[in-house]
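Residues per chain, in single letters:
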Amino acid sequence: MFKTVLMIEKALSDADVELVTTLHGEEKVSFVVLMQPRGRQDELLRALDDVALGHLDKAVHEHEEHTDSPTLASESLEHSLRHLRRAGAEATGVVIEEKPLERLREVVEQNRADEVLVLTSPHFVEEFFHRDWASQARHKVGVPVLKLFARDS
């Protein structure tokens, strides 16, 4: 069985579940999902990303849309785990409140993971400066790290 640590920042869509569960063909996959919702500390970066994408209206209202509620994060994680299991994968997970990259390293080691998938929305400013999760994770874990972009449908 292929062991994958999956870092997410929002609930998985059906398209996301199909993407991550079919990456290895017919091989069975086991997921440990780390839900690390983007909080208020990332507001400026999200607003800059919105501007870069031409979504000026979203940038103006960015402070109103933060979703760092523990309840919402837990519900999003449970939703994602249910969908992964329904697709035939084994899945467990946890919400990460602090130090997500340190926790990622620990989870990879504890589970002897084969890979890390970082499923995220585009964050152009962070990516440009290599401050995104995938870029940072490549320096923290001893397994391949693949960044995938989340989809809405």
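All values derive from a computational prediction rather than experimental measurement. (Residues numbered from 1 in each chain as written. Predicted model: local features only at pLDDT ≥ 70, side-chain atom pairs only at ≥ 80, totals over all residues. Heavy atoms only, no water.)

**Some words on the overall build of the protein chain**
- Helix and strand counts for the protein chain stand at seven helices and five strands.
- Helices (α) and strands (β) of the protein chain occur, in sequence order from the N terminus, as β-α-β-α-α-α-β-α-β-α-α-β.
- Across the 153 residues in the protein chain, those meeting the buried criterion constitute 46%.
- For the protein chain, restricting intrachain contacts to residue pairs at least 6 apart in sequence, the fraction spanning at least 24 positions comes to 80%. (Helix = DSSP H or I, 4+ residues; strand = E, 2+ residues; numbered from the N terminus. Buried < 20%, exposed > 50% of the residue type's maximum accessible area, 1.4 Å probe, protein only. Contact = heavy atoms within 4.5 Å.)

**Section: empty space enclosed by the protein**
- Under the definition given, this model contains two cavities of 30 Å³ or more.
- Reported here for the second largest cavity is a volume of approximately 40 Å³.
- Within the lining of the second largest cavity, the residues separate by chemical class into five nonpolar, two polar and three charged. (1 Å grid on protein atoms, 1.4 Å probe; cavity = no way out; pocket = protein on both sides within 12 Å on 5 of 7 lines; lining within 4 Å. Points joined across faces, edges and corners; volume = space filled by probe spheres on them. Nonpolar A, V, L, I, M, F, W, Y, C, P; charged D, E, K, R; others polar.)

**Focus on the confidence of the model for the protein chain**
- Per-residue pLDDT for the protein chain averages 78, and the proportion of residues at 70 or more is 68%.
- The low-confidence segment residues 58-68, where pLDDT is below 50, has 20 contacts with residues more than four positions distant or belonging to other chains. (pLDDT = per-residue confidence, 0-100.)

**Observations concerning unusual backbone geometry**
- One non-glycine residue, Lys99, lies in the positive phi region at around 50°.
- Position of Lys99 relative to the elements: it lies in the loop between strand S3 (90-95) and helix H5 (100-111).
- Note on Lys99: relative accessible area 54%, which makes it exposed.
- A positive phi angle, close to 45°, is found at Arg112, a residue other than glycine.
- Relative to the assigned elements, Arg112 resides in the loop between H5 and strand S4 (115-120).

**Here's the deal with the side chain of Thr120**
- Mapped onto the elements, Thr120 comes out in strand S4.
- Thr120 sits in the buried class, given a relative accessible area of 5%.
- Not counting residues within four places of it along the chain, the set of residues in contact with Thr120 comprises Glu9, Lys147, Leu148, Phe149 and Ala150.

**What to know about the environment of Leu23**
- Along the chain, Leu23 turns up in the loop between helix H1 (14-21) and strand S2 (29-35).
- With relative accessibility at 34%, the residue Leu23 sits in the partly exposed group.
- Beyond its immediate sequence surroundings of up to four residues, Leu23 is in contact with Leu117, Leu146 and Leu148.

**As for the pattern of salt bridges**
- For the structure on display, the rule yields two salt bridges.
- Between Glu106 and Arg103 there is a salt bridge; the shortest N-O distance is 3.4 Å. You can see Glu106 and its partner Arg103 sitting in helix H5, three residues apart, about one turn around the helix.
- By relative accessible area, which is 31% here, Glu106 ends up partly exposed. (Salt bridge = Lys/Arg side-chain N within 4 Å of Asp/Glu carboxyl O.)

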